[in-house]
Amino acid sequence: MKKHSENPCELYLELSRSLASDQAVPVAVAPEMEFSDFSAFSLWYESAEDSEDSEVNKSIATAILAGFFQQSHRQSSRVVNDVVELPWVFSKQKKSGDIETGLLRWLSLSDAEQVVRHQIRSGRLVLALDSVTTVSSDVLSVLQQMPGLRLNGLQMLDDATAVGLQNYTGDLVLDQVRELPDDVAVLLGAKSAKPLQGLSLNGLQAVSVAAIEALNQRSISSLSLAGITTLDDVALAAALATFSGELKLPNVSVVSVEAATALAAYPGTLSFDRLEQVSEAVAKAFAQHKGVLWLEGLTKLTEPVAKALGQKQGSLGLTSIPEISEEEAAGLATLQGDLWMSALEALSPEAAGYLGQIRGCLALDGLMSLSAEQAAGLSDHVGGLRLERLMEISPEVAKFIAKAEGELWLDGLSDLDEAVAKGLAGHSGGISVDNLASISPGVARALGKTQGFIRLDGMKQLSEDVATGFIGHHGNISLKAVRDLSVDNAKALATVKGDIDLTDVRKMDAATALALSSHQGEIRLPRLKKIRTSVLLALAEHKQGAVWVLESRFSLRATYCLAKADFPCLKVGKTAERAVRQVQKWLQVIHLSKP
């Protein structure tokens, strides 16, 4: 048997020549060679253009590509032929990769395999087949690979389809199904069926207690029943209350007291988008609910209803109420949970004082201005303040709201002067000012004295004077829009006692990476482009906390380093993982026993 070179480059070139000339690859060298991801190889080939990579690396990349093309040529041809025969066309927009399925009435097994393969490769999470009226069990077995599946062409479910869906685990949308017989529900919700991420049956205008009880046997994370508009059946409400996942009843506009009492036993989130009126009796029933209650259709409160809802232990959403009286605010003051009143346009100082007594996040995002008197009423609040529509605040207001404990959200501010920032400096719990395009060094120093996270995701540039203002800050810092990071800025941020989010940083040299590596905490660099070996090794010096580089590409040599060594702190994405696995496979080929 022919003895092959032990030099990796020569061996790769030898394999490449064999493949290019249609010669059989020697079994002793490569007993099996499978290439599953062309994108990984194309990245390697592009990386060979780098000045860092030698001619040897270019030859290796060329050999790998040659092997891939040779072995996948016939399969690729079949794919092209299948696309032509399918009753839809792929979009010309390469980035979107959308599929037009509007005229599709049925799917063959080969069609299903083709479309699922396309969706997965293009990163699409949902496959919509809204015109398909029948689906065979064989086709369902293929479609179950999709994380999201929309079958709105099905207007009824038969036994075979229900059985076929028992193995599906993603988000399932069946919004055109008009009727759910009890026996079909038993099959769809079989206890032995796999857990279902979500089930949408928004076309059902009525559903039996037996059907809900049958669905409850299966583990379903989310159930949507938008077709139900009236809930006065106590038995049905009691059955819904035993559901273990998220329950969505967005179009219910009428709820009886008895049904509300039964439904209050449900431990999850209850959302009523269309419930415009709530009586005191219904409010008292809802107050027994321990989870999150959204009454987004309610546009007006009364004192008795507010007092009843104020007895609730759990978060409450009243996002459509534009005004609140002092008496109504006093009724809500005993609420034990978050209160969301994002449509509130006016607030008296007295009402602010009562709402400030609530122990939980207080969201008043409808307020566009805040006086010192109103701010004083909120100063004792514990649990977080959301004031995201405030356009400006005075230094006096800043001092009052800085006394409130918990997260402070001021994302409506487009400008922050040093006097206001100094008023906020004593705040503890974190502060978000996402709408600021820039800040002065003085503002940075003031914010750096706060305790908790700092979010400045509107800033695209970070000067050295501003970065030094954050030295020694205790809390996370988010600078998601910053594109470039200098060595000095990295040194300053490395002193922060918390996580650092630099989502939009696209490039980094080894010196900057090494400066960041001394940081203690997580660093997010998901969009960092091609990472060279020197940058990889510098980031790998990070000892305490993960470095997230989920969307990053690696040079060929850096990929080789990842394949040969373990860097626990680095969290790479799926493309890089596939590339590493392929390199490891080739390394195994190289180190096969000699013939």
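Peer 1: How should the overall build of the chain be read in this particular structure?
Peer 2: For the chain, the helix and strand inventory stands at 24 helices and 22 strands. Taking the contacts inside the chain whose residues are at least 6 apart along the sequence as the reference set, 46% of them involve residues at least 24 apart.

Peer 1: Help me out: how do you make sense of the environment of S371 in this one?
Peer 2: The topology assignment puts S371 in the loop between β13 (362–363) and α15 (372–378). Look at S371 and you get partly exposed, because its relative accessible area is 26%. Considering only alpha carbons, one finds S371 and L347, 24 residues apart in sequence, at a separation of 9.9 Å.

Peer 1: Looking at this structure, how should I read a negative patch on the surface?
Peer 2: Side chains of D158, D159, D182 and D183 sit close together on the surface and give a patch of like negative charge. Its place among the elements puts D158 in the loop between β2 (148–150) and α6 (159–164).

Peer 1: Sorry, what's going on with the confidence of the model for the chain here?
Peer 2: The predicted coordinates ought not to be read in detail in places where the model reports low pLDDT. Mean pLDDT over the chain: 83, with 81% of residues reaching 70 or higher. Within the model, pLDDT remains below 50 along residues 1–97, and this stretch shows 144 contacts once partners closer than five positions in the same chain are excluded.

Peer 1: In this structure, what is going on with the sheet that holds strand β5 (residues 222–224)? I would like to understand it.
Peer 2: Where strands meet in a sheet, backbone hydrogen bonds hold them as pairs that are either parallel or antiparallel. In spatial order, the strands read β1-β2-β3-β4-β5-β7; together these 6 strands make up an open sheet with parallel pairing. A single partner strand is all that each edge strand has here, and the edge strands are β1 (126–128) and β7 (246–248). Sheet twist, expressed as the mean angle between neighbouring strand axes with direction ignored, is 10 degrees. Bridging between β1 and β2 involves 3 bridges; their strand directions are parallel. Residue V126 lies in a different strand from β2, and its bridge partner there is G148.

Peer 1: Please clarify how helix α18 (residues 441–448) should be interpreted in this entry.
Peer 2: In an α-helix there are 3.6 residues to a turn, and that puts residues three or four apart on one side. Of all 8 residues that make up α18, 6 are buried, and the element is covered over most of its length. Regarding α18, the residues found buried are G442, V443, A444, A446, L447 and G448. Next to the buried residues of α18 lie α17 (418–424), β16 (431–432), β17 (454–455) and α19 (464–468).

Peer 1: Any chance you could explain the packing of aromatic side chains here in plain terms?
Peer 2: Within a pair of aromatic rings, the relevant descriptors are the distance that separates the centres and the angle that separates the planes. In this structure the tally under the stated criterion is 3 aromatic pairs. When the ring of W294 is compared with that of W340, the centres are 6.1 Å apart and the planes differ by 45 degrees; the resulting orientation is tilted. Here W294 is found in strand β10 (residues 293–295), whereas its partner W340 is found in strand β12 (residues 339–340), with 46 residues between them in sequence. The residue whose ring lies beneath R386 is W409, and the NZ or CZ to ring-centre distance is 4.3 Å. In this arrangement the basic side chain of R524 is found over the ring face of W548, its NZ or CZ atom lying 5.4 Å from the centre.

Peer 1: For this particular structure, what's the right way to read the environment of R532?
Peer 2: Its place among the elements puts R532 in the loop between β20 (523–524) and α22 (533–539). Accessibility expressed as a relative area gives 31% for R532, which makes it partly exposed. Between the C-alpha atoms of R532 and L556, which are 24 residues apart in sequence, the distance is 8.4 Å.

Conventions and cut-offs
- Residues numbered from 1 in each chain as written.
- Predicted model: local features only at pLDDT ≥ 70, side-chain atom pairs only at ≥ 80, totals over all residues.
- Heavy atoms only, no water.
- Helix = DSSP H or I, 4+ residues; strand = E, 2+ residues; numbered from the N terminus.
- Contact = heavy atoms within 4.5 Å.
- Buried < 20%, exposed > 50% of the residue type's maximum accessible area, 1.4 Å probe, protein only.
- Patch = residues over 30% accessible without salt bridge, like charges linked within 9 Å, V, L, I, M, F, W, Y side chains within 5 Å.
- Areas by Shrake-Rupley, 256 points an atom, 1.4 Å probe, with all protein chains shown as cover.
- Salt bridge = Lys/Arg side-chain N within 4 Å of Asp/Glu carboxyl O.
- Lys, Arg positive; Asp, Glu negative; His and termini not counted.
- Charge placed at Lys NZ, Arg CZ, Asp CG, Glu CD.
- pLDDT = per-residue confidence, 0-100.
- Pairing = 2+ DSSP bridges.
- Axes fitted to C-alpha atoms, helices over the stretch in contact; angles between N-to-C directions.
- Phe/Tyr/Trp six-rings, centres within 6.5 Å; stacked < 30°, edge-to-face > 60°.
- Lys NZ or Arg CZ within 6 Å of the ring centre and 35° of its normal.

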